[in-house]
Amino acid sequence: MEIKVQSFPSHKGEITWFTLTNERGASVVLSSLGAGVVAVKLPQPDGTLLDVVIGYDNPEAYFADGPCAGKTPGRYANRIAKGHITIDGKKYDLPINNGPNHLHGGPDGYQNHVWNAAMDGDNVIFTLHSPDGDAGYPGAVDIKVTYTWDNENRLTMKYEAETDAPTYINLTNHTYFNMNGHDSGTVLDHVLKMNCSEYLPTDATQIPLGDPAPVKDTPMDFTEGCKIGARINDDFEALKIGKGYDHSFMVDGYDGTLREIATLTSEKNGRKVTVYSDQPFAQVYTGNWLEGCPEGKGGCTYHDYDAVAIECQGAPDAPNNPKVPSQRLNPGEKYERTICFKFD
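> Before we move on, could you go through the overall build of the protein chain and cite the residues and values that matter?
A count of helices and strands for the protein chain gives 1 helix and 26 strands. Computed over the C-alpha atoms, the radius of gyration of the protein chain is 19 Å, within 12% of the 20 Å expected from 2.2 N^0.38 for a compact globule of 344 residues. Projected onto its principal axes, the C-alpha coordinates of the protein chain cover approximately 60 × 50 × 35 Å. When the 344 residues of the protein chain are sorted by exposure, 57% land in the buried category.

> An account of the sheet that holds strand E3 (residues 27-31) is needed here, citing residue identities and associated values.
Hydrogen bonds between backbone atoms are what pair the strands of a sheet, whose relative direction is either parallel or antiparallel. The strand order E1-E2-E3-E4-E5 describes an open sheet built from 5 strands, whose pairing is antiparallel. Only two strands of the sheet have a single partner each, and these edge strands are strand E1 (2-8) and strand E5 (49-51). Averaged over neighbouring strand pairs, the angle between their axes works out to 20° when direction is ignored. Strand direction decides the pairing type here: E1 and strand E2 (residues 15-21), joined by 7 bridges, are antiparallel. Across the sheet, the residue bridging to phenylalanine 8 is isoleucine 15, located in E2.

> Please provide a residue-by-residue account of the side chain of histidine 174, values included.
Its place among the elements puts histidine 174 in the loop between strand E14 (167-168) and strand E15 (176-177). Within the structure, histidine 174 has its side chain in polar contact with the side chain of histidine 104 (distance 3.5 Å). Not counting the four nearest positions on each side in its chain, histidine 174 is found in contact with Pro67, Cys68, Ala69, Gly70, Lys71, Pro73, His104, Tyr285, Ala309 and Glu311.

Calculation notes
Residues numbered from 1 in each chain as written. Predicted model: local features only at pLDDT ≥ 70, side-chain atom pairs only at ≥ 80, totals over all residues. Heavy atoms only, no water. Helix = DSSP H or I, 4+ residues; strand = E, 2+ residues; numbered from the N terminus. Rg over C-alpha atoms; globule rule 2.2 N^0.38 Å. Buried < 20%, exposed > 50% of the residue type's maximum accessible area, 1.4 Å probe, protein only. Pairing = 2+ DSSP bridges. Axes fitted to C-alpha atoms, helices over the stretch in contact; angles between N-to-C directions. Polar contact = N/O pair within 3.5 Å; in protein donor to acceptor, adjacent residues only side chain to side chain. Contact = heavy atoms within 4.5 Å.

As structure tokens, this is what we get:
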């Protein structure tokens, strides 16, 4: 594995980028800002490299970017209704930053921190200490994200956390894919296949209503594979609420073990990413609000629906919904989750 390390100054301290290139010539670029993915570059038949994730050339542009491109949001990824959680009878108030709700840990979530960074062999390890009261959450939490890039073009992310008091935690990766190339335009022609036969209907503010619902006979059904744009404009309430897909899908047969969650394939060039995880849900977000984000790599402009994120995670608002797997973490327990992206 060839490894290159670069450092960049910022108003929150030095940002470090790690470029890992495998024996096939494929590479990933990882950033200590938000413990994020900056680039995934795959060799093409003509010898050039195709970057299949959106991002920015300016390392500082990742601070507080609307899309949260490639990063690790937290302490709780996704939404919590009205910013309220209750633990053992005590109510905690969290910052409101998405309509009436709390999203991705608030405006100063983990995605906007410069994490500590280190190499362990070919692995890149990012660590962060989140103090008691951080964004209103109880408990001091120590988080570690370990990235591994191998010769099979697999990018594996292992998430670990421990707390000194009961709290809630939900970690994911927010990479956006376009298998035609990050600057190639719409992703609506990509075929998405998901091993998820249920999804979480939401209210108008995108908070789940409770029980998962079947995807069968709805535009939410990707169980047999379907172009993302085939039904995105259907007269269906869920799609109107999110201006497209921005929904959590429940993983079939979830038991906490690593399994295939989804595949995303370009029909133009045959490029495919397969997503594996041991998480119970996958949030599919079709970049419905990419317009106006920072200048993209190579000076390009990203537009709505130019990329899609498949975020393996716990359920949104799980702290307030007993009908989904709990995301509570107690002292003496260890939070351990894995996500893997395999590129073909």
